[in-house]
Amino acid sequence: MPTMNIIEAVRSALQIQMRADPRVVVLGEDIGKFGGVFRATSGLYDEFGADRVIDTPLAEAGIVGTAIGMALYGLRPVPEIQFGDFIYPAFDQIVNELAKFRYRSGGQYTCPVVIRTPVGGGIRGGHYHSQSPEALFIHTPGLKVVAPSNPYDAKGLLLAAMRQNDPVLFLEPKRIYRASKGEVPDTEYTLELGKAAIVRAGTQVTLVAWSGMVTIAEEAARLAEQAGISAEVIDLRTLLPFDIDALIASTQKTGRVVIVHEAPRTCGFGAELIASIQERAMAYLEAPILRVTGFDTPFPYSLEHEYLPNADRVMAAIRQTLEW
Amino acid sequence: MVAVPANEKDDLRRVLDENGAPLPGARIPSISDATLSRMFEVMLLTRIIDDRMSRLARDGGAAFYRKSIGEAASHFAAAPLRDSDWVFPSYREHGVWLWRGYSLQQYVDQLLGNAGDPSKGRQTPTHHAARWLNLVSISSPVGTQIPQATGAAYAARAQGKDDVVMTFFGEAATSTGEFHVGMNFAAVWKAPCVFVCRSNGWTGARRGAGRTFAYKALGYGMPGVRVDGNDALAVWQVASEAIDRARGGGGPTRIEALTYRIQGHTSSGDPALYRKEDPPENEPESPAAWQRRDPLRRLRGYLQHRALWSTAWEAEIAERCAQQVSDALAAAEDKPAPAVETLFDDVYEQLPWHLREQRAELLALPRTSPRPSSSIDPSTAPVSADPGEPR
């Protein structure tokens, strides 16, 4: 089985689906001949041509707005927003239009659009190349939000996203775009949306993470193991709808939960997870559910290493929940 | 307000004079007698609906209503389209819906948000959707449909079809980012799209500082044409040319239909709060002058000119339309609100766990209010900073 990084896995998924379904088009800024700023669409222009690998003018509201119109008419567009930080000009098109067409038309119109965008810090990108905006979109009825952490999941989830009929925001962890490598089949496969993965089994505490924070949680779990603590790591993979059953099952087993995310803490997705877990598993909890997150500041440039959750901070939270 | 400075009027396309007689030397579009008669009937029906529904809204029978009185000829830009062509409307092209075959009953059911609404009571009045007519679901934020129309036009061509996409918007939309984005993408892609701006004279300060909206099209390398938006024949003619051009691979066109809405934005609110003082009666842009250019009156005049009109014929249509409206309202009275279970349908293709859970939670509660949707009255809602009322 070949080894791929996340970029290669994404490209493989796009290529497979574009070969399988002539309705699939990709569009975005410099995604054609240039292959995209991270090269995710590299080679697609040569294989599929300018009509299906569409270089757009620089305007995110136009990229998403035209993708909506394409989908209404019958195409299956996969727009790329160059950085998650640039998605806000398209916010209205995503939350008020893309996510609402099915509902507001009484099911007459559907928008099968998959928006791909890289998110997260750790690349010395400063405020405008590092944000994790997932909570804004998880709060949007009608949208699905997917956030893989590794190449295998990225390919299987992207193929699944392109083969269902609801709009999806597909968040890719840019810090580990190339650093995360693993065995990925050349052939097609899908992973069901809405299902978490237990990436490490444990008994004393549950670590919940997604996207770029899964590797941090795994690193913390190894630190915990050295300290004689058995930590389970859940990669949520899909954030909306999220896998409540996996969270409750693990909570019932460990009784302790630490949630790790890069985005700011207040109203971050961790808050929703805590609420949902305690509503259903209060009797199993041995300690308050803790969060290790980015801070409630704009994303910093020089001090990003202080801002981003790391294994030591997660380890401190693990100890805190065990000693409570 | 003055919609267009007098010195820019020369390029305005017109076919009919104020009484509906062909202007000397004007090219008359070739429209069959049957089509002309139907145009008149739809225009008359639109006016009757506008009148009846705004009265219904004032009496509390509907939440509110958005009138189009005075602008009805501009809707006929959609008339030369084929059935397979698509339209992305704003919320004020009522004639487009009726022209394409949306039934009066569906129209009324949507206004009332009852179980007969094709959109299942999901949106406020005049936000229709009709997939079977290629009429796209309407949104309230102004201008959002413009890049969407461009995308649909791109998709039509990419799929090897020769469908054309038309989108409508008011002149206020030309100040939005999405107007420029949609126009620019369409021009770059040479998308088979026709952009129809209804300049109805109501934008005031929301308008830009530029001269006319058709000029904005020039900036994108797109032909822009200005037409007398109260002249149904001229509207038909410029739309036909733009549609043919788009279908033939010539790219998008921008049409500015100069018209005048005779009444305010919705059935609630006071237009005097945001509309400049009207010019005196003898001025060309006064309400009285626009009343003289009333699109229905002019089309009637043209039908008379073609010997297609009689008092009895119009009276028969008016009576029939009024009766249809009454029948539709009576039928709507018997229709319940959408079933409570449907609240959770169509958020996604399938119901995810959290919506299943919330649905069960709601269904377990005792039902108290049978028709909450018709009790919303924007006139009693808190006043926003913008007196332009709910969009």
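Residue numbers run consecutively from 1 along every chain, following the written order of its sequence. The naming scheme follows written order: chains are lettered A onward, ligands numbered 1 onward. For a predicted model such as this one, the threshold for reporting local features is a pLDDT of at least 70, and the threshold for listing and counting side-chain atom pairs is 80 or more; totals across whole chains, interfaces and linings nevertheless cover every residue.

### Thoughts on the overall build of chain A
Counting its secondary structure elements, chain A contains 12 helices and 14 strands. For chain A, the C-alpha atoms occupy an extent of roughly 60 × 40 × 40 Å along the three principal directions. In chain A, which comprises 324 residues, the share counted as buried stands at 59%. By definition, any uninterrupted DSSP run of H or I lasting at least four residues is a helix, any uninterrupted run of E lasting at least two residues is a strand, and each is numbered from the N terminus. The burial criterion counts other C-beta atoms lying within 10 Å of a residue's C-beta, which is placed from the backbone; the residue is buried at 20 or more, exposed at 12 or fewer, and partly exposed between these limits.

### Observations regarding the domain arrangement of chain A
All names here are of chain A. Where each domain starts and ends comes from a domain assignment, either automatic or drawn from a database. Segmenting chain A into domains produces domain 1 (3–183) and domain 2 (197–323). Taking the mean C-alpha position of each, domain 1 and domain 2 sit 26 Å from one another. Two residues qualify as being in contact provided that their C-beta atoms, derived from the backbone, are within 7 Å of each other. On the side of domain 2, 21 residues touch domain 1, which itself brings 26 residues to the contact. Of all the secondary structure elements, the ones that give two or more residues to the side of domain 1 that touches domain 2 are helix H6 (134–138), strand E6 (144–146), helix H7 (151–162) and strand E7 (168–173). When its residues are assigned to classes, the side of domain 1 that touches domain 2 shows 12 nonpolar, nine polar and five charged. Any residue outside Ala, Val, Leu, Ile, Met, Phe, Trp, Tyr, Cys, Pro, Asp, Glu, Lys and Arg is labelled polar, Gly included; the first ten of those are nonpolar and the last four are charged.

### Quick word on the environment of A:Pro151
Residues and elements named next belong to chain A. Along the chain, Pro151 falls in helix H7. According to the C-beta neighbour criterion, Pro151 is buried, with 24 such atoms within 10 Å. C-alpha separation for the pair Pro151 and Thr266, spaced 115 residues apart in sequence, amounts to 30 Å. Pro151 has contacts with Met4, Asn5, Ile6, Glu8, Ala9, Ser180, Lys181, Gly182 and Val184, leaving out every residue within four places of it along the chain.

### Topic: the nonpolar core
Soluble, globular proteins show a tendency: their nonpolar side chains are buried together. Definition of nonpolar core: a set of buried Ala, Val, Leu, Ile, Met, Phe, Trp, Tyr and Cys residues joined via C-beta atoms within 7 Å. In this structure, A:Leu207, A:Val314 and B:Ile255 are the most contacted members of the largest nonpolar core, which totals 203 residues. Of the domains in this structure, domain 1 (3–183) and domain 2 (197–323) of chain A are the two that each give at least three residues to this core. For B:Ile255, the contacting residues outside a window of four places in its chain are B:Ala77, B:Val194, B:Phe195, B:Val196, B:Cys197, B:Val225, B:Val227, B:Val238, B:Ala239 and B:Ala242.

### As for H7(A)
Every helix has an expected span of 1.5 Å times one less than the residues it contains. With 12 residues, H7(A) extends 17 Å between its outermost C-alpha atoms, agreeing within 8% with the 16 Å of an ideal straight helix rising 1.5 Å per residue. For H7(A), the set of buried residues is A:Pro151, A:Tyr152, A:Asp153, A:Ala154, A:Lys155, A:Gly156, A:Leu157, A:Leu158, A:Ala160, A:Ala161 and A:Met162.

### Considerations on unusual backbone geometry
Glycine aside, residues mostly have negative phi, and peptide bonds are mostly found in the trans state. Each neighbour pair has its own omega, and for A:Leu240 with A:Pro241 the value is -5 degrees, a cis peptide bond. Mapped onto the elements of the fold, A:Pro241 is located in the loop between strand E12 (238–240) and helix H9 (244–254). Positive phi values are uncommon outside glycine, yet B:Thr126 reaches one of about 70 degrees. With respect to the secondary-structure elements, B:Thr126 resides in the loop between helix H3 (104–112) and helix H4 (145–158).

### Quick look at H4(B)
Residue and element names in this part refer to chain B. The end-to-end C-alpha distance of H4 is 20 Å, a good match for the 20 Å that 14 residues give at a rise of 1.5 Å each. Extensive coverage of H4 is indicated by the burial of 14 of its 14 residues. After H4 finishes, the residue Gly160 shows a positive phi value of roughly 75 degrees.

### Considerations on the environment of B:Arg157
Residue and element names in this part refer to chain B. Looking at where Arg157 falls in the secondary structure, it is placed in helix H4. Using a count of 20 C-beta atoms within 10 Å as the deciding quantity, one classes Arg157 as buried. For the pair formed by Arg157 and Gly61, sequence separation is 96 residues and the distance between their alpha carbons is 44 Å. Excluding its chain neighbours within four sequence positions, the residues that come into contact with Arg157 are Ala191 and Pro192.

### Some thoughts on the sheet that holds strand E3 (residues 193–199) of chain B
Residues and elements named next belong to chain B. One open sheet holds the five strands; their spatial order is E1-E2-E3-E5-E4, and the pairing between them is parallel. Looking at the sheet topology across the chains shown, the edges are occupied by strand E1 (86–88) and strand E4 (224–228). On average, each strand axis in the sheet is tilted by 20 degrees relative to the strand beside it, whichever way the strands run. Taken together, the six bridges between E3 and strand E5 (residues 253–258) define a ladder with parallel strand orientation. Bridge pairing in E5 links Ser199 to Leu258. In this scheme, strands are said to pair when DSSP sees at least two bridges between them. The angle between two axes is taken between their N-to-C directions and runs from 0 to 180 degrees, where each axis is a line fitted to C-alpha atoms and a helix contributes only its stretch in contact.

### Observations regarding the packing of H3(B) against helix H10 (residues 311–333) of chain B
Residues and elements named next belong to chain B. As a packed pair, H3 and H10 sit with axes 9 Å apart at the nearest point and diverge in direction by 50 degrees. The orientation of H3 with respect to H10, classified from their angle, is oblique. Crossing hand, H3 versus H10: right-handed. Contacts between H3 and H10 involve Leu104, Gln105, Val108, Asp109 and Leu112 on the former and, on the latter, Gln324, Val325, Ala328, Leu329, Ala331 and Ala332. What sets the label is the angle itself: under 35 degrees gives roughly parallel, over 145 gives roughly antiparallel, 65 to 115 gives roughly perpendicular, and the rest give oblique. Whether a crossing is left-handed or right-handed is set by the direction in which the near helix is turned from the far one by less than a right angle, anticlockwise for left-handed and clockwise for right-handed.

### Describing the pairing of strand E4 (residues 76–80) of chain A
Residues and elements named next belong to chain A. Of all five residues that make up E4, five are buried, and the element is covered over most of its length. With burial as the criterion, each face of E4 is covered, one bearing Arg76, Val78 and Glu80 and the other bearing Pro77 and Pro79. Pairing of strand E2 (residues 24–28) with E4, which is carried by five bridges, proceeds in the parallel orientation. Looking at the pairing, Val24 lines up with Arg76 of E4.

### Remarks on the interface of chain A and chain B
The interface is formed by 37 residues belonging to chain A together with 39 residues belonging to chain B. Taken together, the elements giving at least two residues each to the side of chain A that touches chain B come down to helix H3 (60–73), helix H4 (91–98) and helix H5 (101–104) of chain A. With 10 residues, the top contributor of residues to the side of chain A that touches chain B is H3(A). Considered class by class, the residues forming the side of chain A that touches chain B number 16 nonpolar, 15 polar and six charged.

### Digging into the packing of H4(B) against helix H5 (residues 177–189) of chain B
Residues and elements named next belong to chain B. Where H4 contacts H5, the axes come no closer than 7 Å and their chain directions differ by 20 degrees. In terms of their interaxial angle, H4 and H5 are classed as roughly parallel. As for the relative orientation of H4 and H5, their crossing is left-handed in sense. Judged by residue contacts, Ile146, Pro147, Ala149, Thr150, Ala153 and Tyr154 of H4 engage Glu178, Phe179, Val181, Gly182, Phe185, Ala186 and Trp189 from H5. Classifying every residue of the contact of H4 with H5 by side-chain character gives 10 nonpolar, two polar and one charged.

### A closer look at the sheet that holds strand E10 (residues 205–209) of chain A
All names here are of chain A. Read across the sheet, five strands follow the order E9-E11-E10-E13-E14 without closing on themselves; strand pairing throughout is mixed. This sheet does not close on itself; its edge strands, each paired only once, are strand E9 (197–200) and strand E14 (290–294). Across the sheet, the axes of successive neighbouring strands diverge by a mean angle of 25 degrees, strand direction being ignored. The sheet strands contacting helix H8 (residues 213–226) are E9, E10, strand E11 (231–235) and strand E13 (257–264), and the helix crosses E10 at an angle near 160 degrees.

### Some details on the pairing of E3(B)
All names here are of chain B. With respect to burial, E3 is a largely interior element, seven of its seven residues being buried. Burial along E3 is two-sided: Cys193, Phe195, Cys197 and Ser199 facing one way and Val194, Val196 and Arg198 facing the other are all buried. Two elements, strand E2 (residues 165–170) and E3, share six bridges in a ladder whose sense is parallel. Across the sheet, the residue bridging to Thr167 is Phe195, located in E3.

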